[in-house]
Amino acid sequence: MKRHNLISPLALLSGLFFVMFMISCGKDGAVGPAGANGPKGDTGPKGDSGVGTVFYSGWLDVPFKPDTIHLAGGRIDTIGYYATIDAPKLTKELLSSVDVKVYINSNDISDPVIYSLPYTAQSGLRIDVSAYTQKIELYANADVGTRSVNGKKYQQYRYMIIPGNAQARSAAPVNWSNYAAVKAYLGLKD
């Protein structure tokens, strides 16, 4: 008995349609012309500028007062010097999210030499800063208050209150001395 391979006409026809469909899908047609521009949409609300309002003072004359202790026999010893600067914009609410910067111009305004506080010199001079509600306190181991010499002012101070714009994402604590912990934290492979 002879074997015949008969393909049904329906199978042949559906196979032919499938091949034609695949060929036609493989060809890209020409890109048509761009359509007309639509109407302009409404203007959205104004966003944050990305820069917070920085509050700052002018160059201030700041007198320092002696910080003293009373010793036996009625003697008084000076252990340091302090000054308080009024900062009315430094509110209790701002204190938890601002950076308070204080600068000293150790020269006169016509030829400024400006240092950021806290300041420590090789000579041992030290000026520290503390900020609290509406006040900035300076503490030094020498009298570094504003001086006038021949009509020029030296050692004037300026402060800046820089509010934070957004809270930073806190990083997961990692023990950088432990290689295994660092490897896991950074996703390193051996």
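Residues numbered from 1 in each chain as written. Predicted model: local features only at pLDDT ≥ 70, side-chain atom pairs only at ≥ 80, totals over all residues. Heavy atoms only, no water.

Chemist: Can you walk me through the pairing of strand 4 (residues 98-105) in this structure?
Modeler: For a regular strand, side chains alternate in direction, first toward one face of the sheet and then toward the other. Bridge count between strand 4 and strand 11 (residues 156-163): eight bridges; the pairing is antiparallel. Bridged to Tyr-103 within strand 11 is Arg-158. Relative to strand 5 (residues 114-117), strand 4 runs antiparallel, the two sharing four bridges. Each bridged residue has a counterpart across the sheet, and for Asn-105 the counterpart in strand 5 is Ile-114. (Pairing = 2+ DSSP bridges. Helix = DSSP H or I, 4+ residues; strand = E, 2+ residues; numbered from the N terminus.)

Chemist: I tried to follow the environment of Ile-162 on my own but got confused; where do I start?
Modeler: Note that Ile-162 resides in strand 11. Of the residues examined, Ile-162 reaches a relative accessible area of 30% and is grouped as partly exposed. Between the alpha carbons of Ile-162 and Val-98 there is a distance of 5.3 Å; along the sequence they are 64 residues apart. Leave out the neighbours within four places in its chain, and Ile-162 touches Val-54, Ser-97, Val-98, Asp-99 and Lys-101. (Buried < 20%, exposed > 50% of the residue type's maximum accessible area, 1.4 Å probe, protein only. Contact = heavy atoms within 4.5 Å.)

Chemist: Any chance you could explain the nonpolar core here in plain terms?
Modeler: Across soluble globular proteins, nonpolar side chains have a tendency to be buried as a group. By size, the foremost hydrophobic cluster in this structure holds 19 residues, and its most contacted members are Phe-64, Ile-136, Leu-138 and Tyr-157. Of all elements in the fold, only strand 3 (76-86), strand 4, strand 8 (135-140) and strand 11 reach the threshold of two or more residues within this core. Look past the residues within four positions of Leu-138 in its chain and what remains in contact with it is Val-62, Phe-64, Tyr-81, Tyr-82, Ala-83, Ile-85, Val-102, Leu-117, Asp-128, Val-129 and Tyr-157. (Core = buried A, V, L, I, M, F, W, Y, C linked by side-chain atoms within 4.5 Å.)

Chemist: Mind showing me how you'd approach the sheet that holds strand 4 here?
Modeler: Picture the strands of a sheet paired through backbone hydrogen bonds; they go either parallel or antiparallel. The antiparallel open sheet is built from four strands, whose spatial order is 1-11-4-5. Strands with a single pairing partner mark the edges of an open sheet, and in this sheet they are strand 1 (55-56) and strand 5. Here strand 1 runs beside strand 11; their pairing, made up of two bridges, is antiparallel. Residue pairing across strands places Tyr-56 opposite Met-160, the latter belonging to strand 11.

Chemist: Looking at this model, I keep getting lost on the packing of aromatic side chains. Mind explaining?
Modeler: Two numbers describe a pair of aromatic rings. These are the distance of the centres and the angle of the planes. One pass over the structure, following the stated rule, counts two aromatic pairs. Ring geometry for Phe-64 against Tyr-157: centres 5.9 Å apart, planes inclined by 40 degrees, an arrangement best described as tilted. With a gap of 93 residues between them, Phe-64 in the loop between strand 1 and strand 2 (65-70) and Tyr-157 in strand 11 connect regions that are remote in the sequence. Between Tyr-115 and Tyr-119, the aromatic rings sit 4.9 Å apart at their centres with planes inclined by 50 degrees, giving tilted as the arrangement. Overall, the relative accessible area of 32% leaves Tyr-115 in the partly exposed class. (Phe/Tyr/Trp six-rings, centres within 6.5 Å; stacked < 30°, edge-to-face > 60°.)

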